[in-house]
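These are the residues of each chain, in order.
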Amino acid sequence: MKKITSLLLAISLLMSFIVLPANAEENSNLLKERTVLSALNIIQTGESDDLSATVTRAEFTSYMAAALRALPVTNTVYFYDVQSSYWAAGDINAMYEYGIIASAEDGRFNPDDPVTYEQACKMLTVAMGFD
């Protein structure tokens, strides 16, 4: 549990640095964090990736699934806008079954919308066992 908690905190720190830092020292720290998360198979990045790019709800949910080592769930569709053919459907469905994400009133997940800071914090908090 301590490893998962530490891993999730690392992800939350990464999310707080999504905007490319202005100076070289901060950029170096961000690159180190990215390298650690890549080595843990939580994120898949390359040297040419844009570190200032917005993270979508689907991407962040996939990061959460990787951190928790959740098996993809592909036999059920929980959201109207996340069909089984969607690239992150297995991870989104797994996080729904874990209780980390919930269905909106309209039954949508909006996977291509940017993840907000509040949404990321909620997912991390629930993953750590808090309500």
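A brief structural summary.

Rules of the game
Counting starts from 1 at the beginning of each chain's written sequence and moves along it residue by residue. The model is predicted, so local features are restricted to residues of pLDDT at least 70 and side-chain atom pairs to those at 80 or more, both for listing and for counting; the totals for chains, interfaces and linings are taken over all residues. Processing note: side-chain calculations cover all non-hydrogen atoms of the structure and skip hydrogens and water entirely. Note on exposure labels: buried denotes an accessible area under 20% of the residue type's maximum, exposed denotes more than 50%, and partly exposed covers the range between, all computed with a 1.4 Å probe on protein chains only. A run of H or I in DSSP becomes a helix once it reaches four residues, and a run of E becomes a strand once it reaches two; helices and strands are each numbered from the N terminus. Contacts are assigned to residue pairs with any non-hydrogen atoms lying within 4.5 Å of each other. Polar contact is the term for a pair of N or O atoms within 3.5 Å; when the atoms are in protein, one must be able to donate a hydrogen and the other to accept it, and sequence-neighboring residues count only if both atoms are side-chain atoms. Geometry of aromatic contacts follows a simple scheme: Phe, Tyr and Trp rings, the Trp one being its six-membered ring, pair when their centres are within 6.5 Å, and the pair is stacked under 30 degrees between planes, edge-to-face over 60, tilted otherwise.

1. Comments concerning helix H3 (residues 57-67)
Of all the 11 residues making up H3, 10 are buried; the element is thus mostly covered by neighbouring parts of the structure. Among all positions of H3, only Arg-57, Ala-58, Phe-60, Thr-61, Ser-62, Tyr-63, Met-64, Ala-65, Ala-66 and Ala-67 are buried. A positive backbone phi angle near 55° is found at Arg-69, which sits one or two residues after H3.

2. What about the environment of Tyr-78?
Examined against the element boundaries, Tyr-78 turns out to sit in the loop between H3 and helix H4 (89-98). Note: C-alpha distance between Tyr-78 and Ala-102 (24 residues apart in sequence) is 9.5 Å. Look past the residues within four positions of Tyr-78 in its chain and what remains in contact with it is Asn-93, Tyr-96, Glu-97 and Gly-107. For Tyr-78, the side chain forms a polar contact with the side chain of Glu-97, separated by 2.5 Å.

3. What about the packing of aromatic side chains?
In the structure shown here, the tally under the stated rule is five aromatic pairs. Taken together, a centroid distance of 4.3 Å and an interplanar angle of 35° make the contact between Tyr-78 and Tyr-96 tilted. Placement of Tyr-78 in the loop between H3 and H4 and of Tyr-96 in helix H4 is noted, with a sequence separation of 18 residues between them. Note on Tyr-78: relative accessible area 26%, which makes it partly exposed.

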